[in-house]
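The residues making up each chain are set out below.
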Amino acid sequence: MHNLLSTDDVDAFPEFLKTAAAFKKNPYTEETLGRRKTLVLLFFNPSLRTRVSTQKAAYNLGMNVILLNVSQAWGIEFEDGTVMNLDTAEHVREAAAVISQYADLIGIRTFPGLKDRALDYQDRVLQQFARYTTVPIVNMESATVHPLQGLTDVFTIEAHKRIARPKVVLSWAPHPRALPQAVANSFLAAAGRMDYELVLTHPPGYALSEQFSRYATIEHDQQKAFAGADFIYAKNWSSYESYGEILSTDPKWMITAEKMQSTNKAKFMHCLPVRRNVVVEDAVLDSPASLVIEQAANRTVIAQTVLSKLLKSPTGCNN
Amino acid sequence: MHNLLSTDDVDAFPEFLKTAAAFKKNPYTEETLGRRKTLVLLFFNPSLRTRVSTQKAAYNLGMNVILLNVSQAWGIEFEDGTVMNLDTAEHVREAAAVISQYADLIGIRTFPGLKDRALDYQDRVLQQFARYTTVPIVNMESATVHPLQGLTDVFTIEAHKRIARPKVVLSWAPHPRALPQAVANSFLAAAGRMDYELVLTHPPGYALSEQFSRYATIEHDQQKAFAGADFIYAKNWSSYESYGEILSTDPKWMITAEKMQSTNKAKFMHCLPVRRNVVVEDAVLDSPASLVIEQAANRTVIAQTVLSKLLKSPTGCNN
Amino acid sequence: MHNLLSTDDVDAFPEFLKTAAAFKKNPYTEETLGRRKTLVLLFFNPSLRTRVSTQKAAYNLGMNVILLNVSQAWGIEFEDGTVMNLDTAEHVREAAAVISQYADLIGIRTFPGLKDRALDYQDRVLQQFARYTTVPIVNMESATVHPLQGLTDVFTIEAHKRIARPKVVLSWAPHPRALPQAVANSFLAAAGRMDYELVLTHPPGYALSEQFSRYATIEHDQQKAFAGADFIYAKNWSSYESYGEILSTDPKWMITAEKMQSTNKAKFMHCLPVRRNVVVEDAVLDSPASLVIEQAANRTVIAQTVLSKLLKSPTGCNN
């Protein structure tokens, strides 16, 4: 693995998940691997659990961590050939090359604008940094994908599945704000590589990019989708078709205890933060079926697995 | 000690102060105690010396430290049963449980609004986090108390007292802005457990909550209060009675060199930051009687003592 | 070396540059020197590469690093005798003394206002902190000088010079915003102590303070200045004479590939961030002649050399 830009960068899922399971059991088996190594985390957008879990993962490996909040103060130019006499103060060519001088690994978080689909789905900030840095990059959620989350979700399902081929349902749920599609995209991309009966359910207008939805069977009737499910993964996203728009906030799509009863005693999953009684009822979140806190804990495990793989990459790292 | 929410959480003051004295002498006697342990510091409000001294204390114990500035960006819901379709994005139940996955100890700073006394004195943010976290909590100044400061103040007095039962005076002093009562409250709660002649002096309308003022004799005449004092602790607070209001900025309450002459060569104390020539004259602050810089240095010692106790708590910490 | 306020604090350049070269070869020869030592970095203004490179340098020496962003929230009073009943909440006497309790070394960044030349050139924030702290200070760019950059630049030239006495040209270049003179000043002060043919070229009105320009021959004709040069260092600064003003944005002063042809295959230098096709053409920056990324990498080397010297200073450091 040379970078973690998307879940596709994980070549061998079974081996990756096995390494993760070993780190979960004992986080300190490689606590000198990252000695003298520095992880620089670049935030174009705020982060809480991704930042903290990645930072903790790095410490478990003995790395140093340097945080960089990239706000408006540091306007980065992404176009080539521009006369930079306006708002941008540094070209990504220099920015990426310079940070590479101080880092052995670089993490990047950058959200979509949710205005221009073609632009967002180029994932330009991530891709340009990946192009001009000379050290491996970890995607800490980009405009279109959130691989650390997707890998975490699959890892969590693996620990809780009771049958060889569980029915796993990704259900859209309501939310008052326009959210990215990244978590849903990466969940599908990761779960799609497992031997799951993967079902996607959402209201009209909420189809995801075919690049990701192709991994799942689409069932527009949420009730049918839930029938016999082993895992219900709830997530809101704004429309991909009517890009960035909120087409529905219909509470009928909220995950309720009643709906959970039609499942096969399904576990409930969400990446957090979650709006209670909007996305999901208290009764579900506070029930033993909820895996959300374990998912959050597993973020550290997956981040550590990724950092470890990248530190060991023959082409990666400065020295 | 399972948490440090208030100075009351310190069971045995003499033993606590003895441990602190040992750390002051040699800060590195437990420099591997915090190995593989992470302290997450949550700031709902800004902090300078509390943050830096606590961070340094953690490093002295070999801990990792992760800082989290919790601004408006992360609206936390504290009410149960709410339909979270407005400004709050995460419930304290999840927020506290999630951070507990990444932390072995959690520090929290949260100021009062100074508008609604009943609400502030519930100390809701602190109490709710203490309720829903699964690891020990350290109060880095909450709406009503600042135990790390109160403990520091007593520790500093102990090092400088020249008689068995010193006269210790907490004097209100003027300030142009409305400040919390937390420092004064915790000073009284901590000093009240020592064998001091504890006197509280303030203008009309500045009585503190009886929960804290009961530890002291109240003397409204500042001049009488100062007579024969061994320690003068100056601090401004806004009114508890006319909650959050500034009732006086009368410079007659400023601590002056002249007033200090009626004391028993009293030491001068303040938690800092201090406004010169408003709270206290230059002549006092720049005299050898001033302990303010030593108080600041002792913040590290007390934070280290608290972190050490919590790391050793049988019920505390993740593993 | 007791402080690094300016390049003048480096007594013995040859020995300093030799130590730096050794650190560049192996950054880990002193990785326990900073054990139990804390570097506090104070930012009155934002910083990217200075912060990250200094932080990394400290980690290479085994130090702990604590960052303090000093924004408006912490108004510091610099005047003595003031009645502090307005915007300032803490006097530099306390602020500096308190931070000294937590730090073994203190780094400070503070920009000029570019309104009042006399005030800026007092470099008050830096000088006042240097006066009231009890531990060594590192200037991470002040109102008038940027010694870490100046030392880096000389170190970089030394590694690339092909003749004993190279011709080194500092050329003003256009920029849409008013920038400080600090980088140019420190470059002249540092390069002026080397055996270089040092030439300074700039448009009318852009003369630097005589304190710094005296190290160089001034040649107003950029073309003449470039003739036979071994190093071209490009940098914008706002006017020192018409203080803080932008007198010219004339693109004729941009560094171009064509102009580089009149040099002696000169290397191109800039401290970054650089505005492409405003300060310098893409063709120069993307050519093998450009040393800008190596300069950025050398920032760590120089910061490490300075921190190491200060840690070893007999009068420095708390214990």
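Since the structure is predicted, the reported quantities are computational estimates derived from the model, not experimental observations.

1. Description of the overall build of chain A
The secondary structure content of chain A amounts to 12 helices and 11 strands. Computed over C-alpha atoms, the radius of gyration of chain A comes to 20 Å, within 12% of the 20 Å expected from 2.2 N^0.38 for 319 residues, which places it in the range of a compact globule. Taken along the three principal axes of its C-alpha coordinates, chain A extends 55 × 45 × 30 Å. In chain A, which comprises 319 residues, the share counted as buried stands at 55%. For chain A, the share of sequence-separated contacts (at least 6 apart) that also reach a separation of at least 24 residues comes to 79%.

2. Observations concerning the relation of the copies chain B and chain C
By a simple turn and slide, chain B fits onto chain C: the slide is 0.0 Å along the axis, the RMSD is 0.0 Å, and the turn is 120 degrees. Expressed as an axis order, the relation between the two copies is that of a three-fold axis.

3. Let's talk about the sheet that holds strand E5 (residues 105-109) of chain B
Strand-to-strand pairing in sheets goes through backbone hydrogen bonds, with the strands running parallel or antiparallel. All names here are of chain B. Read across the open sheet, the four strands follow the order E2-E1-E5-E6; overall the sheet is parallel. Looking along the sheet, the strands with just one partner apiece sit at the ends: strand E2 (64-69) and strand E6 (137-139). Strand after strand, the sheet turns through a mean of 20 degrees between neighbouring axes, direction not considered. As paired strands, strand E1 (residues 38-43) and E5 are joined by five bridges and run parallel to one another. By the bridge assignment, Leu41 is partnered in E5 with Gly107.

4. Some remarks on the interface of chain A and chain C
The interface is formed by 21 residues belonging to chain A together with 23 residues belonging to chain C. Those elements that provide at least two residues to the side of chain A that touches chain C are strand E1 (38-43), strand E2 (64-69), strand E4 (90-91) and helix H3 (92-102) of chain A. A per-element tally of the side of chain A that touches chain C places H3 of chain A first, with five residues. Split by residue class, the side of chain A that touches chain C holds 11 nonpolar, seven polar and three charged.

5. Digging into the domain arrangement of chain A
Residue and element names in this part refer to chain A. The domains assigned to chain A are domain 1 (7-145 + 299-312) and domain 2 (149-296). Taken over C-alpha atoms, the centre of domain 1 sits 26 Å from the centre of domain 2. With 19 residues of domain 1 in contact, the opposing surface of domain 2 contributes 19 residues. Counting residues per element, the ones that place at least two in the side of domain 1 that touches domain 2 are helix H1 (13-25) and helix H12 (292-312). Split into classes, the residues belonging to the side of domain 1 that touches domain 2 amount to 10 nonpolar, three polar and six charged.

6. A look at the sheet that holds strand E9 (residues 217-218) of chain C
Residue and element names in this part refer to chain C. The strand order across the open sheet formed by five strands is E9-E8-E7-E10-E11, and the pairing between neighbours is parallel. Strand pairing shows two members of the sheet lacking a second neighbour, E9 and strand E11 (267-269), which therefore form its edges. Relative to strand E10 (residues 231-235), strand E7 (residues 167-172) runs parallel, the two sharing five bridges. Looking across to E10, one finds that Val169 is bridged to Ile232. Its contacts with the sheet place helix H6 (residues 147-160) against E7, E10 and E11, and it is angled at close to 170 degrees to E11.

What counts and how
- Residues numbered from 1 in each chain as written.
- Chains lettered and ligands numbered in written order.
- Predicted model: local features only at pLDDT ≥ 70, side-chain atom pairs only at ≥ 80, totals over all residues.
- Helix = DSSP H or I, 4+ residues; strand = E, 2+ residues; numbered from the N terminus.
- Rg over C-alpha atoms; globule rule 2.2 N^0.38 Å.
- Buried ≥ 20, exposed ≤ 12 C-beta atoms within 10 Å, placed from the backbone.
- Contact = placed C-beta atoms within 7 Å.
- Least-squares fit on C-alpha atoms with pLDDT ≥ 70 in both.
- Pairing = 2+ DSSP bridges.
- Axes fitted to C-alpha atoms, helices over the stretch in contact; angles between N-to-C directions.
- Nonpolar A, V, L, I, M, F, W, Y, C, P; charged D, E, K, R; others polar.
- Domains from an automatic or database assignment.

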